[in-house]
Amino acid sequence: MAERTGVLLESDLAADPLEQFRRWYAEAESAGMRAPNAMAIATAASNGTPSLRMVLLKGAGDDGFVFFTGYDSRKGVELDANPRAALLFYWDPFGRQIRVEGPVERVTAEESDAYFASRPRGAQLAAAASHQGRVLSGRDELDEAVAQLERQHSDREVPRPDHWGGFRLRPEAYEFWQHRESRLHDRLRYRRDGGSWVLERLSP
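First things first, this report covers the structure right here in the doc. (Residues numbered from 1 in each chain as written. Predicted model: local features only at pLDDT ≥ 70, side-chain atom pairs only at ≥ 80, totals over all residues. Heavy atoms only, no water.)

According to the stated counting rule, one finds 19 aromatic pairs in the structure shown. Relative to Trp-91, the ring of Phe-21 has its centre 6.4 Å away and its plane inclined at 45°; by these criteria the two rings are tilted. Placement of Phe-21 in helix H1 (residues 17-30) and of Trp-91 in strand S5 (residues 84-91) is noted, with a sequence separation of 70 residues between them. Residues Phe-21 and Trp-91 agree in their burial class; the two are buried. Where Tyr-25 meets Trp-91, the ring centres are 6.1 Å apart and the plane angle is 70°; that geometry is what we call edge-to-face. Residue Tyr-25 is located in helix H1, and its partner Trp-91 is located in strand S5; the two are separated by 66 residues in the primary sequence. Tyr-25 gets classed as buried once you look at its relative accessible area, which sits at 17%. Under the relative-accessibility criterion, Trp-91 is labelled buried at 1%. Through successive ring pairs, a cluster of aromatic residues spans Phe-21, Trp-24, Tyr-25, Phe-65, Phe-89, Trp-91, Tyr-174, Phe-176, Tyr-190 and Trp-197. One Lys or Arg, Arg-106, reaches over the ring of Tyr-71 and ends 3.7 Å from the middle of that ring. (Phe/Tyr/Trp six-rings, centres within 6.5 Å; stacked < 30°, edge-to-face > 60°. Helix = DSSP H or I, 4+ residues; strand = E, 2+ residues; numbered from the N terminus. Buried < 20%, exposed > 50% of the residue type's maximum accessible area, 1.4 Å probe, protein only. Lys NZ or Arg CZ within 6 Å of the ring centre and 35° of its normal.)

Remember that the coordinates give geometry; whether it matters functionally is a separate question.
What follows is the structure, encoded as structure tokens:
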């Protein structure tokens, strides 16, 4: 069982924040946590109105953090208008949080196509039928849209709809937070300074 409290010192951390993220992610995954890739993503409209929801991380590499969604959803529209976001991973069994902030861009169509093709057929149909956040007359409207698409593509692959694809957040800052029972938690932030990362301790 993971220990929920701990100590996080500068000497414990990797020089590269992505490597540190991978270490903590691997520990969460090895502990058998359900959906360690679940993350909150905060966006804001062009007028500054914020919104927040959970999505699933589908890739984390040197080029950034990738997730997929409806481009015509509220988050998709907000990211097109104001292409910055903040991510939050919270792993309660370890008493850990990771925050990641930076600019966001759409992934290439080829990358979205490849991921869409890897999804189960039911998930493909759901993505094609659903325009996230749009008002429905009732559940029947959505179920009928899925059934219609199933009939339309009964003998072929479901194509990725134009309204669905990926985004990539390119980190400018990471914050690693470790719970302490004293409430004097450890907060260590990496921020970009030119081509390198600066590590700073923040007051809890």
